[in-house]
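Topology and contacts: notes
Spelled out, the chains give:
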Amino acid sequence: LNNFVPETPRHHSVGKAHPMEEFSSLLRRLLISHGFLEIMNFTLTSPLKYYTHMHTKQADAIELRNPLSDEYAVCRSTTIPGLLETLSANKHRRYPQKIFEIADCLQIDAKAETRVRNVRRLGVAISHAHADLSEILSYTHSINTLLGCSWTLTNGKTPIFIPGRCGEITLNGSPIGILGEIHPKILTSWELEKPIALLDIDLDALFQELAQKPQPTPRK
C-alpha cells in the first residue's frame, strides 16, 4: 500500500444517491412522521422462523445448501417474519408499537441469470390492544396519497391473516402487496400477546410505476 502514488482521476463525475434510495428515503420520512420506528433485520433467517412460526410450507424462499448455522439458512422473500420477530422480542416494551422496515429480499426468478433477483420491499406493523385492519389501511392510503399510484385494493385470502380481515394490493393486474390482521395461531407461535396489523408491499413495482409517469414541468 505504501507504494501507491496519489493520482488525480482523469474523469470527473458528481456523486449522488441512487433514485431507488431517494424513493426509499421518501417513504421513511413519511412513516417516521406517522410515529413509526425503523428496524433493520438480517436477510438470512431460520426455517423455524420462516416456515414453522408462520405455519406455511410454501417453498418460496431460497435455502442455503451448506449453512454455517440453522439460524441463517434461509434467504427471506418478505419482511413479515422479521417484523414479527422484532415485536416478539420487544413485547415487554410500552404499547402501542409501530415499526417498519425497508429491506432487500430475494425471490426466485427463472428468467434471471442466477435464477434469483433482489426485490426492495416495505413492511409496516402495528401492535396494541386495538390494532386492526382499518388502522393499517389508513397508513396504506397515506402511502398511496404520497406516491399517487394507481393500485387496486381487493379482498385477500392470505393464510397468515384472519379470514375477512385482510386485503391484497394489485398494480397493473399483478399482486404487489398484502395487508391485514395477523391470525391468532401466528401470534401464538411467536408468543405475542397483542393483536398485530401488518402491511408488506413490493417497492420495486411502485418505483417502476412512478418512473414511467411524466414528471411535472418546474415553474420558471
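Here's a quick rundown of the structure. Since the model is a prediction, treat every value here as computed from it, not as a measurement. (Residues numbered from 1 in each chain as written. Predicted model: local features only at pLDDT ≥ 70, side-chain atom pairs only at ≥ 80, totals over all residues. Heavy atoms only, no water.)

1. Focus on helix 4 (residues 133–147)
Rule in force here: Numbering of helices and strands runs from the N terminus, with a helix taken as a DSSP run of H or I at least four residues long and a strand as a DSSP run of E at least two residues long. Expected span of a helix: the number of residues minus one, times 1.5 Å.
Between the first and last C-alpha of helix 4 there are 21 Å, a value that for 15 residues agrees with the 21 Å anticipated at 1.5 Å per step. Positive phi shows up at G148, right after helix 4, with a value of about 70 degrees.

2. A closer look at unusual backbone geometry
The condition that has to hold: Three exposure classes are used, based on accessible area relative to the maximum for each residue type with a 1.4 Å probe and protein chains only: buried under 20%, partly exposed in between, and exposed over 50%.
In the segment running from Y95 into P96, the intervening peptide bond is cis, with an omega of 5 degrees. Relative to the elements of secondary structure, P96 occurs in the loop between helix 3 (80–89) and strand 5 (97–108). The phi dihedral of H55 falls on the positive side, at around 55 degrees, and the residue is not glycine. For H55, the location among the structural elements is in the loop between helix 2 (47–52) and strand 3 (62–63). Relative accessible area serves as the criterion here: at 42%, H55 is assigned to the partly exposed category. Of note in this structure, E191 is not a glycine but carries a positive phi near 60 degrees. Topologically, E191 is positioned in the loop between helix 5 (184–189) and strand 10 (196–202). Overall, the relative accessible area of 54% leaves E191 in the exposed class.

3. Side note on the environment of M40
By secondary structure assignment, the location of M40 is in the loop between strand 1 (37–38) and strand 2 (44–45). Sequence separation between M40 and G82 is 42 residues; the distance between their C-alpha atoms is 8.6 Å.

4. A short note on the environment of A211
The residue A211 is located in helix 6 (residues 203–211) in this model. Residue class for A211 comes out exposed when judged on its relative accessible area of 55%. The sequence separation of A211 and P19 amounts to 192 residues, and the corresponding C-alpha distance is 9.6 Å.

5. Here's the deal with helix 1 (residues 19–33)
How we decide: This arc describes the spread of directions from the helix axis toward the C-beta atoms. Pairs of residues are marked as contacts when any of their non-hydrogen atoms sit within 4.5 Å.
Over its 15 residues, helix 1 runs 21 Å from end to end, which matches the ideal 21 Å to within 8%, given 1.5 Å per residue. When helix 1 is considered as a whole, its buried residues turn out to be M20, F23, S24, L27, R28, L30 and L31. Buried residues of helix 1, viewed axially, fall in a sector of 165 degrees; they line one side. In helix 1, those exposed residues whose orientation departs by more than 90 degrees from the buried face are R29 and S33. Of the surrounding elements, those touching the buried residues of helix 1 are strand 1, strand 5, strand 6 (116–127), helix 4 and helix 6. Phi for G35, located one or two positions after helix 1, is positive at around 90 degrees.

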